[in-house]
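Secondary and tertiary structure notes
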Amino acid sequence: MKQDFREWKNKYQLDALYKRNTYEGKDEATAQRVFLSAQSDYKLSPENSSVFVFGSYTDDRFSGYEYQNTIAVGYSKRLFANQDSFLDYNIGPGYSFNRTDEGALDDTVIVHLQVEYEYNFSPEVKFTQTLGSDVALESNKNTISKSESAITSKLRDNLSMKASYNMTHNSEALDLKAKTDTTTSITMIYSF
């Protein structure tokens, strides 16, 4: 969800994934993840520069972490924009605090980076690419990186369909877990 006011702009995101597989007569959950994030930007100028506050929470039952949290502040700017596309970036210091499934706390100072690109093929079809990373400043700490590539097509006035490919990478995977998790999805979007 995005809001754009005269002095502020806000972005909220909620992603949930639950998957079950049946193998050799056993029915079990193989994916269970919730991701929440919020970012509020105070606009500094009409040229799309702002200062931001960002926070995120991840609960992924199959990652080896009980939860992963990030808070950050920083600077946002639109690098370019024309009638068909734009490119925005965010950068700033932050703090990551995580708890492993065994109860150990893992916290570190980070640099929060995010880039968002959008290209409109037509008024009904657009491509978006988002890349983000919470880079740990200590060498033995976890850096979390996320990417989403998506095509969105408008079906009706306020109803769209989105096909997306998501990647999440943990530089320090726990319990012999894979470092990279990918998801392909098709979702319906209602705009109001």
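Just above, that's the structure.
Before going into details, it helps to say that this report is about the structure given with it. Because the structure is a prediction, the values reported are computed rather than measured. (Residues numbered from 1 in each chain as written. Predicted model: local features only at pLDDT ≥ 70, side-chain atom pairs only at ≥ 80, totals over all residues. Heavy atoms only, no water.)

The computed volume of the second largest pocket comes to approximately 400 Å³. Arg33, Asp60, Phe62, Ser63 and Asp181 are, among the 25 residues lining the second largest pocket, the residues nearest its centre. Breaking the lining of the second largest pocket down by element, the ones donating at least two residues are β2 (8-23), β3 (26-45), β4 (49-60), β5 (65-81), β9 (144-154), β10 (159-170) and β11 (180-190). (1 Å grid on protein atoms, 1.4 Å probe; cavity = no way out; pocket = protein on both sides within 12 Å on 5 of 7 lines; lining within 4 Å. Points joined across faces, edges and corners; volume = space filled by probe spheres on them. Helix = DSSP H or I, 4+ residues; strand = E, 2+ residues; numbered from the N terminus.)

The next point concerns the side chain of Asn10. If you trace the backbone, Asn10 turns up in strand β2. A relative accessible area of 13% means that Asn10 is categorised as buried. Here Ser40 takes part through its side chain, which lies 2.7 Å from a polar atom of the side chain of Asn10. If we skip the residues at most four places from it in the chain, Asn10 touches Met1, Lys2, Gln3, Phe5, Gln39, Ser40 and Asp41. (Buried < 20%, exposed > 50% of the residue type's maximum accessible area, 1.4 Å probe, protein only. Polar contact = N/O pair within 3.5 Å; in protein donor to acceptor, adjacent residues only side chain to side chain. Contact = heavy atoms within 4.5 Å.)

A few words on the environment of Gly64. Positionally, Gly64 belongs in the loop between β4 and β5. Sequence separation between Gly64 and Leu131 is 67 residues; the distance between their C-alpha atoms is 23 Å. Discounting residues that sit within four places of it in the chain, Gly64 has contacts with Thr100, Asp101, Leu174, Asp175 and Lys177.

Before going further, it helps to spend a moment on the pattern of salt bridges. Between side chains of opposite charge, a pair can form when the charged atoms approach closely. Tallied over the full model, the rule gives twelve salt bridges. One salt bridge in this structure joins Lys43 and Asp4, with 2.4 Å as the shortest N-O distance. Of this pair, Lys43 sits in strand β3 while Asp4 sits in strand β1 (residues 2-4), and the two are 39 residues apart along the sequence. Given a relative accessible area of 24%, Lys43 falls into the partly exposed group. Using a relative accessible area of 58% as the deciding quantity, one classes Asp4 as exposed. The closest approach of N and O atoms between Asp27 and Arg20, which form a salt bridge, is 3.3 Å. Under the relative-accessibility criterion, Asp27 is labelled partly exposed at 47%. Three or more residues joined by partner-sharing salt bridges are found here, namely Lys2, Lys11 and Glu116. (Salt bridge = Lys/Arg side-chain N within 4 Å of Asp/Glu carboxyl O.)

With respect to topology, eleven strands assemble into an open sheet ordered β1-β2-β3-β4-β5-β6-β7-β8-β9-β10-β11, the strand pairing being antiparallel. Bordering the open sheet on either side are β1 and β11, each of which pairs with just one other strand. Across the sheet, the mean angle separating the axes of adjacent strands is 15° when strand polarity is ignored. Judged from the ten bridges that link them, strand β8 (residues 125-136) and β9 form a sheet pairing that is antiparallel. By the bridge assignment, Gln129 is partnered in β9 with Ser149. (Pairing = 2+ DSSP bridges. Axes fitted to C-alpha atoms, helices over the stretch in contact; angles between N-to-C directions.)

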